[in-house]
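Coordinate inspection notes
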Amino acid sequence: MELRGNKHAIVIIDMLNDFIGEKAALRCEAGEKIVPKIRELIDFAHVNNIQVIHVQEAHRKNDRDFRVRPVHAIKGTWGSQFIPELTPEEDKGDYVVQKRRHSAFSYTDFDLFCREEEIDTLVLTGVWTNVCVRSTASDGLYHGYNIICVSDATASQDEDMHRSGLRDIDIFGDIMTTDEYKEAAKEKFSHNEQAV
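The text that follows walks through the structure, step by step, so that each part is easy to find. In this text, all values refer to a predicted model and were calculated from it rather than measured experimentally.

**Some words on the sheet that holds strand 3 (residues 95–99)**
Spatially, the six strands line up as an open sheet ordered 3-2-1-4-5-6, and their pairing is parallel. Looking at strand neighbours, the two that pair on one side only are strand 3 and strand 6 (174–176), the edges of this open sheet. Averaged over neighbouring strand pairs, the angle between their axes works out to 25 degrees when direction is ignored. Contacting strand 1 (8–13), strand 2 (51–57), strand 4 (121–127) and strand 5 (146–155), helix 1 (residues 35–47) runs over the sheet at an angle of about 135 degrees to strand 5. Docked against the sheet, helix 4 (residues 159–172) engages strand 5 and strand 6, running at close to 165 degrees with respect to strand 5.

Set out below in structure tokens:
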């Protein structure tokens, strides 16, 4: 598959203690299996001068979100921290966006940062495919970005939820595996098409 766009960003959504691991308040068990694939994409991005953006849910204590979901990922707590394997590497240019809603675009500087960096394509990874990943994907389309969702680097509570999210995202974006994305990106950006 030929990749669209001239400048990509790998976007890691909510790989936090309150979503990943046995002590997580809103545990996404399948999310534990995608950690190696996300790590692979981050390492690939660093080598190939592709921007890495970590999206971090960071709620206030009385957030309205808690009227419909359990309390989780309160700003400044352990639950809102990134899992150790995927801690942002700001010395390598990683950028962190904090959010209080499902979409990385809602009331954050995500769009501003991407526009400042002339990013036109968002490569989405993380949890949950049918909630935060899907919300970010649809908002990304509305804001004019190309959307790629990495199917083996995203996860939901169960396979049905994951597939449901991918089906929705496939309407307005491209679905690729980690290997498919890396191969296509090598081909595209080896010709110096990545605007840096």
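Having seen the model, we can carry on.
**What to know about helix 3 (residues 129–142)**
The end-to-end C-alpha distance of helix 3 is 18 Å, a good match for the 20 Å that 14 residues give at a rise of 1.5 Å each. Of the positions making up helix 3, those classed as buried are Thr129, Cys132, Val133, Ser135, Thr136, Ala137, Ser138, Asp139 and Gly140. Looking one or two residues beyond helix 3, the residue adopting positive phi is glycine 144, at roughly 95 degrees.

**Here's the deal with the nonpolar core**
Ile10, Met15, Ile38, Val127 and Tyr181 are the most contacted members of the largest nonpolar core, which has 34 residues in total. Listed by contribution, the elements that provide at least two residues to this core are strand 1, helix 1, strand 4, strand 5 and helix 5 (178–189). For this core, the element with the most residues is helix 1, which contributes six residues. Discounting residues that sit within four places of it in the chain, isoleucine 38 has contacts with Ile12, Met15, Leu86, Thr125, Gly126 and Ala153.

Definitions and limits used
- Residues numbered from 1 in each chain as written.
- Predicted model: local features only at pLDDT ≥ 70, side-chain atom pairs only at ≥ 80, totals over all residues.
- Heavy atoms only, no water.
- Pairing = 2+ DSSP bridges.
- Helix = DSSP H or I, 4+ residues; strand = E, 2+ residues; numbered from the N terminus.
- Axes fitted to C-alpha atoms, helices over the stretch in contact; angles between N-to-C directions.
- Contact = heavy atoms within 4.5 Å.
- Expected span 1.5 Å × (residues − 1).
- Buried < 20%, exposed > 50% of the residue type's maximum accessible area, 1.4 Å probe, protein only.
- Core = buried A, V, L, I, M, F, W, Y, C linked by side-chain atoms within 4.5 Å.

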